[in-house]
Amino acid sequence: MSLRTLPLLFLNLGGEMLYILDQRLRAQNIPADKARKVLNDIISTMFNRKFMEELFKPQELYSKKALRTVYDRLAHASIMRLNQASMDKLYDLMTMAFKYQVLLCPRPKDVLLVTFNHLDAIRGFIQDSPAILQQVEETFQQLTDRYGGLSDGEFQLIRQTLLIFFQDLHIRVSIFLKDKVQNSNGRFVLPVSGPVPWGTEVPGLIRIFTDKGKEAKKVEFKHGGHYVTAPKEGSFELYGDRVLKLGTNMYSMNRPVETHMSGASKNLASRTQEIIAPNPLAKEELNFLARLMGGMEIKKPSGPEPGFRLNLFTTDEEEEQAALTRPEELSYEVINIQATQDLQRNKELARIMGEFEVTEQPKQSASKGDDLLAMMDGF
């Protein structure tokens, strides 16, 4: 397991979250100033300097539940509100999109280019906010400093750590199903075409060398794919052509997105077991959450501006039904720690969590624009 994986995981999942929220804000014609405030508040919180300092410290990945808790608080850093079922849907879309990107990276090092693609798009959301833009560019510099000199072997370990994190997630997403890059069981289809990794040759030739290193023979074979040489390497600079398109905004074309959960695609029993099973790292996970969320420094919405609810389902009834059919053990509202408890740390986390409490907005008349209804059909 690599101790350098957490920043890449967090930033890429956060980028996907912003893509989804931006798409829905635009699709439901939310006023531009309100939509801009939501994205600015979330991005400002996400790239808070103190938070980034905690994030970039070498550390192991913790459970999906712990990270999900951080994203839950991050999504509520502005005037927008999601209930648990919609937050589940948002998180599922985030994780499956980044899992697909990691699987398709031509080289392990290219996961850094995927991260840069997300940061490039995030900078586009905040071009009119110089202070927040500075925060994002500072994080970009941190990524360059920490990861620019890593060896191919270290990036391979990072990629394997990410794949281990995602290995049991097989949620079907309509975009992937329609593009035939995902099977009906939720597993992805890897292509046998396109550019090969930068610095490598198109398969089809075997070279045989003597014991003195001299080429003695060449043997050609049919590889069965449609490969081409990579035109150039993507840029790892602050601004530049990344070449790789993984990590760019797949919602920019306003395509409908839905997720499908069934026994075949998502084993809820196994997820429940993972969450409620005793965790030998539970105490460290509690410390991890306290440090990260303490660094988040979420500012409570101020002023008379009313909040609004984002619903990732077609109707309120569908959202309520999803919440009712979800096993109670999968609730993310409470984190059960099954280890000797550090009372001082518990008090600190309780204080932090108390500051993040979200006040329910009074129900208003069910306007699709105000409620930001529907992540897409059918979910």
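Residues numbered from 1 in each chain as written. Predicted model: local features only at pLDDT ≥ 70, side-chain atom pairs only at ≥ 80, totals over all residues. Heavy atoms only, no water.

When its secondary structure is counted, the protein chain shows 14 helices and 8 strands. Within the protein chain, buried positions represent 48% of all 379 residues. Residue pairs in contact within the protein chain that sit at least 24 positions apart in sequence constitute 82% of those at least 6 positions apart. (Helix = DSSP H or I, 4+ residues; strand = E, 2+ residues; numbered from the N terminus. Buried < 20%, exposed > 50% of the residue type's maximum accessible area, 1.4 Å probe, protein only. Contact = heavy atoms within 4.5 Å.)

With 16 residues, helix H6 (residues 110-125) extends 23 Å from end C-alpha to end C-alpha; this agrees with the ideal 22 Å at 1.5 Å per step. Burial analysis of H6 places 13 of its 16 residues in the buried class, which makes it a mostly covered element. (Expected span 1.5 Å × (residues − 1).)

Bringing the confidence of the model for the protein chain into the picture now. Looking at the protein chain, pLDDT values average 78 and 66% of them are 70 or higher. When the criterion is pLDDT under 50, residues 329-341 qualifies, and its contacts beyond four places in sequence or with other chains add up to 35 contacts. Scored below 50 in pLDDT, residues 357-379 shows 64 contacts in the model against residues more than four places distant or in partner chains. (pLDDT = per-residue confidence, 0-100.)

Once that is clear, we can look at helix H5 (residues 84-104). What sets the pattern is the α-helix's 3.6 residues per turn: residues three or four places apart point alike. Here H5 contains 21 residues, and its C-alpha end-to-end distance of 31 Å stays within 8% of the 30 Å for a straight helix at 1.5 Å per residue. Of all 21 residues that make up H5, 18 are buried, and the element is covered over most of its length.

For the rest of this paragraph, the subject is unusual backbone geometry. In the Ramachandran plot, Lys180 falls in the positive-phi region, its phi being about 60° despite a non-glycine side chain. Turning to its location among the elements, Lys180 is positioned in the loop between helix H9 (174-178) and strand S3 (193-195). Phi is positive for Val243, close to 65°, though the residue is something other than glycine. Relative to the assigned elements, Val243 resides in the loop between strand S6 (226-228) and strand S7 (259-260). Take Val243: its relative accessible area is 25%, and that puts it in the partly exposed class.

It is worth spelling out the pairing of strand S5 (residues 215-220) at this point. Counting buried positions along S5 yields 0 of 6 residues, so the element is predominantly exposed. Strand direction decides the pairing type here: strand S4 (residues 205-209) and S5, joined by 5 bridges, are antiparallel. From the neighbouring strand, Leu205 faces S5, where its bridge partner is Glu220. Counted along the chain from S4 to the antiparallel partner S5, the turn is 5 residues long, and its residue Gly213 has a positive phi close to 85°. (Pairing = 2+ DSSP bridges.)

The next subject is the packing of helix H2 (residues 32-46) against helix H7 (residues 130-147). Packing of H2 against H7 leaves a shortest axis separation of 9 Å and a crossing angle of 40°. Classified by the interaxial angle, the pair formed by H2 and H7 is oblique. Two packed elements cross with a definite hand, and for H2 against H7 that hand is left-handed. Of the residues in H7, those in contact with Asn40, Ile43 and Ser44 of H2 are Ile132, Gln135 and Val136. The class makeup of the residues in the contact of H2 with H7 is 3 nonpolar, 3 polar and no charged. (Axes fitted to C-alpha atoms, helices over the stretch in contact; angles between N-to-C directions. Parallel < 35°, antiparallel > 145°, perpendicular 65-115°, else oblique. Left-handed = near helix turned anticlockwise from the far one by under 90°. Nonpolar A, V, L, I, M, F, W, Y, C, P; charged D, E, K, R; others polar.)

Looking now at the packing of H5 against helix H8 (residues 152-166). Across the interface, H5 lies against H8 with an axial gap of 10 Å and an inter-helix angle of 140°. Here H5 lies oblique to H8, going by the angle between them. In the packing of H5 onto H8, the handedness of the crossing is left-handed. Contacts between H5 and H8 involve Tyr91, Thr95, Phe98, Lys99, Val102 and Leu103 on the former and, on the latter, Arg159, Leu162, Leu163, Phe165 and Phe166. Tallied by class, the residues present in the contact of H5 with H8 amount to 8 nonpolar, 1 polar and 2 charged.

Take a nonpolar patch on the surface next. A grouping of Ile206, Ile208, Val219 and Phe221 is seen on the molecular surface, where their side chains present a nonpolar patch of about 300 Å² in accessible area. Locating Phe221 in the fold gives a position in the loop between S5 and S6. Judged by its relative accessible area of 38%, Phe221 is partly exposed. (Patch = residues over 30% accessible without salt bridge, like charges linked within 9 Å, V, L, I, M, F, W, Y side chains within 5 Å. Areas by Shrake-Rupley, 256 points an atom, 1.4 Å probe, with all protein chains shown as cover. Salt bridge = Lys/Arg side-chain N within 4 Å of Asp/Glu carboxyl O.)

Turning to the packing of aromatic side chains, a few remarks are in order. Tallying each qualifying case throughout the model produces 10 aromatic pairs. Between Phe165 and Phe166, the aromatic rings sit 5.2 Å apart at their centres with planes inclined by 80°, giving edge-to-face as the arrangement. With a centroid separation of 5.3 Å and 80° between ring planes, the pair formed by Phe176 and Phe188 is classed as edge-to-face. Placement of the pair is Phe176 in helix H9 and Phe188 in the loop between H9 and S3, with a sequence separation of 12 residues. There is no split in this pair, since Phe176 and Phe188 are both buried. (Phe/Tyr/Trp six-rings, centres within 6.5 Å; stacked < 30°, edge-to-face > 60°.)

Another aspect to go through is the pattern of salt bridges. Opposite charge on two side chains permits pairing when their charged atoms draw close. Scanning the model with the defined rule gives 15 salt bridges in all. Here Arg26 and Asp22 are joined by a salt bridge, their closest N and O atoms 3.0 Å apart. With Arg26 and Asp22 both in helix H1 (residues 6-27) and 4 residues apart, the pair spans about one turn of that helix. For Arg26, a relative accessible area of 41% corresponds to the partly exposed category. According to the relative accessible area criterion, Asp22 is buried, its value standing at 11%. Across the pair Arg207 and Glu215 runs a salt bridge, and its minimum N-O distance is 3.5 Å. The exposure class assigned to Arg207 is partly exposed, which follows from its relative accessible area of 35%. Bridged by salt links that share partners, the residues Glu201, Arg207, Glu215 and Lys218 form one connected network.

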